Amino acid sequence: EQIAQFVVATELTDCPESARVQVRRAALDTIGVMLAGASEPVAAITRAVASIEGGAPLSTVLGSTMRTSPAWAALCNGAAGHAHDFDDTNFALLGHPSVPLLATALAAAEAEMADGAAVMLAYLIGFEVSVVLGVALNPGHYTRGWHATATIGTVGCTAAAARLCGLDAARTTHALGIAASLASGLKENFGSMTKPYHAGHAAQNAVLAASLARAGMTASASALEGSQGFAAAFSGEKLAHGAFAALGREWQILRSGIAVKPYPSCALTHAAIDALVALRAAHGLTAAQVEDVEVGVSH
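Rules used throughout
All residue numbers refer to position in the chain's written sequence, counted from 1. Two thresholds apply to this predicted model, a pLDDT of at least 70 for residue-level local features and 80 or more for giving and counting side-chain atom pairs, whereas whole-chain, interface and lining totals are computed over all residues. The side-chain quantities take in all heavy atoms of the structure and omit both hydrogens and water. The helix and strand labels rest on DSSP assignments: H or I over at least four residues marks a helix, E over at least two residues marks a strand, and numbering proceeds from the N terminus. Radius of gyration here is computed from C-alpha atoms only, and the compact-globule reference equals 2.2 Å multiplied by the residue count raised to the power 0.38. Each residue gets one of three labels from its accessible area relative to the maximum for its type: buried under 20%, exposed over 50%, partly exposed in between, using a 1.4 Å probe on protein chains only. Within the patch definition used here, like charges are joined within 9 Å and nonpolar side chains (Val, Leu, Ile, Met, Phe, Trp, Tyr) within 5 Å, considering only residues with over 30% relative accessible area and no salt bridge. Each accessible area value is a Shrake-Rupley result obtained with a 1.4 Å probe; residue values ignore everything except the protein chains displayed when judging cover. One side-chain nitrogen of Lys or Arg within 4 Å of one carboxyl oxygen of Asp or Glu is enough to make a salt bridge. Think of each axis as a best-fit line through the C-alpha atoms, taken over the contacting stretch in the case of a helix, with angles from 0 to 180 degrees between the N-to-C directions. Comment on the angle field: the value is read as roughly parallel under 35 degrees, roughly antiparallel over 145, roughly perpendicular from 65 to 115, and oblique elsewhere. Take the far helix as the reference: if the near one is turned anticlockwise from it by less than a right angle, the crossing is left-handed, and if turned clockwise, right-handed. When checking whether two residues touch, look at their non-hydrogen atoms; a contact exists if any pair is within 4.5 Å. Note on ring pairs: Phe, Tyr and Trp rings are taken, using the six-membered ring of Trp, and paired if centres are within 6.5 Å. Classes follow the plane angle, with under 30 degrees stacked, over 60 edge-to-face and the rest tilted. Ring-over charges, as used throughout, are those where CZ of Arg or NZ of Lys falls within 6 Å of the ring centre and within 35 degrees of the ring normal. Any pair of cysteine sulfurs within 2.5 Å is marked as a disulfide. Multiplying 1.5 Å by the helix residue count minus one yields the expected span of that helix.

Caption draft 1: Focus on the overall build of the chain. From N to C terminus, the chain includes 13 helices and 2 strands. What you see for the chain is a C-alpha radius of gyration of 19 Å, in line with the 19 Å of a compact globule of 299 residues. Each of the three principal axes of the chain carries a C-alpha extent, and together these read 65 × 45 × 35 Å. For the chain, with 299 residues in total, the buried portion stands at 49%.

Okay, structure coming up:
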């Protein structure tokens, strides 16, 4: 309910201009990686299934001429955006915030005929909810094998979708509860097409949860913090009292920020890549001269 109040009460004028600058940067980067990923097999597969399963053609699938239902467009754009692993990251979330959030927001906004300011606000709301939940649950959540982009991302994206769909606080609470049951995504699937699918899955879940809540579906008001709720099931710990007290007062988009990637690979590989580039520049190394490479990493 505390999250729902933040979702319905926050206005764009409440958000610092410096936060809005970050959203513009994230949108440019994210639409770029969605377009780049649109030609990848995972994107083609999701479009093929959407062409059969999708509903009313209200939302655009980027990088194609296809229009489909908002939930399926969110899935297609999300999967394409994560296909190269070139999308931005947040180290408190331990995941990728922008692709699922913008896949959600673009699809829902187009269906609702909302403007760019509404998309920006929805992104900011979803980002804050995602990252604050990540701060509360990580690193335990991530190290248990959950892909936070998909699991925590589903909840944050639902906050964004609820705002764009104009849900009141009660229906937003239900949407978040529905999202808690929809959330899923296993790290064991890293290295396969299912990993980028996870980003689209979070976006599709969010649009679906908001749509179901708008139509009258109910969920438990304690689905996140209850003894058998999201936090307990996904991390083995209850949410700390006041975990969301800073929503709207401290902006995680400025505090923990958005890391835009220089390389299309997991962000945790970038230090080793930088070191190798520096060694090559300093010593003129070629691949033929290298017998093996040893990299030290944190446990």
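That was the structure; now back to the text.
Caption draft 2: Up close: a nonpolar patch on the surface. A surface patch of nonpolar side chains, about 520 Å² in accessible area, is lined by Leu 279, Leu 285, Val 290, Val 293, Val 295 and Val 297. On the secondary structure map, Val 293 appears in the segment after helix H13 (270–283). Here Val 293 falls in the exposed class, since its relative accessible area comes to 60%.

Caption draft 3: Inspection of the packing of helix H5 (residues 98–112) against helix H10 (residues 194–214) at higher detail. Packing of H5 against H10 brings their axes to within 8 Å, and their N-to-C directions diverge by 40 degrees. Judged on the interaxial angle alone, H10 and H5 are oblique. Of the two possible hands of crossing, H5 and H10 adopt the one that is right-handed. In this structure, H5 uses Val 99, Pro 100, Ala 103, Thr 104 and Glu 112 to contact H10, whose residues at the interface are Ala 199, Ala 202, Ala 203, Ala 206, Val 207 and Arg 214.

Caption draft 4: Representation of the packing of aromatic side chains in the model. Under the definition given, this model contains 4 aromatic pairs. Ring centres 6.0 Å apart and planes at 25 degrees place the aromatic pair Tyr 123 and Phe 127 in the stacked group. Within this pair, Tyr 123 and its partner Phe 127 are both found in helix H6 (residues 116–137), separated by 4 residues, close to a single helical turn. Judged by its relative accessible area of 0%, Tyr 123 is buried. Put simply, the rings of Trp 146, Phe 230 and Phe 234 touch in pairs and so form one group of aromatic residues. Note that Lys 187 overlies the ring of Tyr 142, its terminal NZ or CZ placed 3.7 Å from the centroid.

Caption draft 5: Local environment of the state of the cysteines. Throughout the structure, instances matching the rule amount to 0 disulfides. Cys 157 supplies the cysteine sulfur nearest to Cys 15, a cysteine that is in no disulfide, at a spacing of 17 Å. Its sulfur unpaired, Cys 165 is 13 Å from the next cysteine sulfur, which belongs to Cys 157. A residue is classified by how much of its surface remains accessible, and Cys 165, at 11% relative accessible area, is buried.

Caption draft 6: Just helix H4 (residues 70–81), in detail. Here H4 spans 16 Å end to end across 12 residues, near enough to the 16 Å set by a 1.5 Å rise per residue. Of all 12 residues that make up H4, 12 are buried, and the element is covered over most of its length. Lining the buried residues of H4 we find helix H2 (17–37), helix H3 (41–53), strand S1 (59–60), strand S2 (67–68), H5 and H10.

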